[in-house]
Amino acid sequence: MLIRTLILALVSLGLAAPAAHAETLGDLYVPDYDAADGVTVGHAGDIPYLHFGPKAAKLWKTIGGRKATVGCGTVTVKDLGDGFGTTGFGSSEIKLPARRTRVFLYDGGSGELCVIATKRSKRESQCLPMSAPDDKLCIRVVVAMTDSGRAYIDAKKRAIELFVAPTLQSFATGEDGAKVRKFLDRYVVTLPDPDAAPPAGKIGAWTQGEDAVYSSLLADGKRAFWSMRGGVYSTNLADLMGPREDAFSIF
């Protein structure tokens with residue numbers, strides 16, 4: 001019953017996510033925005049802010065007038081020596097104005113990523129939290145502040161879709177099978193061999209008996225994958241494909 005609930009939650013999240021440019025499966029789960037969507041970064045003195053232009057009017061309607069947590073942080077691990085490293089983020093709670101405007105980033109605006117999150121509603125069975133243990137807030141807006149932040153968001157999307165696709169395929173039978181298969185058909189293609197590169201924007205799937213390989217392309221053209229062959233699991237996104245609750249969070 002828990003597995004079926006998880007599968008339905010993953011599908012419903014993907015179908016309902018207000019993604020700005022939902023071209024890949026990962027886009028459905030990570031609500032990242034940039035200048036092309038009307039969300040730009042500016043500075044008032046030393047204080048950075050996010051500006052929501054006319055193109056972002058529809059997005060603002062989903063967050064304007066609500067209490068929100070605004071936070072920024074780092075995702076590139078800082079080496080502390082002796083095998084230790086750290087990342088982190090700071091946040092503050094504010095009331096967003098009803099009218100579309102700037103949102104100032106008083107906490108950590110120099111970080112790699114900034115987010116706006118609001119309270120998770122009872123109708124939301126699944127959402128993207130800021131950190132894995134916190135399931136009370138759902139991220140509504142993610143903005144990359146640096147190139148490394150953009151690369152991280154890209155890799156995060158690939159990690160999520162490489163988790164979601166095989167998980168859903170494994171349970172695409174029975175009562176909800178048709179709905180799941182129809183959902184996946186838009187994003188998953190069959191690969192001729194395990195090392196073949198999938199088309200850009202698609203998830204490649206290769207299976208043979210109990211062996212399976214799933215892959216997708218990062219923005220720089222590199223192939224991201226996870227593989228289960230001969231009972232041995234491997235992936236080149238190990239830092240982002242840990243426990244499910246870690247995969248489905250930003251910081």
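Notes on the structure follow. (Residues numbered from 1 in each chain as written. Predicted model: local features only at pLDDT ≥ 70, side-chain atom pairs only at ≥ 80, totals over all residues. Heavy atoms only, no water.)

Attention now moves to the sheet that holds strand β2 (residues 47–52). Across the sheet, which stays open at both edges, the 3 strands sit in the order β1-β2-β5 with antiparallel pairing between neighbours. Each edge of the open sheet is held by one strand with a lone partner, namely β1 (39–44) and β5 (102–104). Averaged over all neighbouring strand pairs, the angle between strand axes comes to 30°, with direction disregarded. Of the pairings in the sheet, the one linking β1 to β2 comprises 6 bridges and is antiparallel in character. Opposite threonine 40, over in β2, you have histidine 51 as the bridge partner. (Pairing = 2+ DSSP bridges. Helix = DSSP H or I, 4+ residues; strand = E, 2+ residues; numbered from the N terminus. Axes fitted to C-alpha atoms, helices over the stretch in contact; angles between N-to-C directions.)

Summed over the entire model, instances satisfying the criterion amount to 2 disulfides. Linked covalently through their sulfurs, cysteine 127 and cysteine 138 form a disulfide whose S-S length is 2.1 Å. A torsion of -85° about the S-S bond marks the disulfide between cysteine 127 and cysteine 138 as left-handed. Taken together, the residues cysteine 127 in the loop between β6 (113–119) and β7 (137–144) and cysteine 138 in strand β7 connect sequence positions 11 residues apart. The exposure class assigned to cysteine 127 is buried, which follows from its relative accessible area of 9%. Shown here for the protein chain is a disulfide pattern of 1-2, 3-4, where each number marks a bonded cysteine counted in sequence order. (Disulfide = S-S within 2.5 Å. Buried < 20%, exposed > 50% of the residue type's maximum accessible area, 1.4 Å probe, protein only.)

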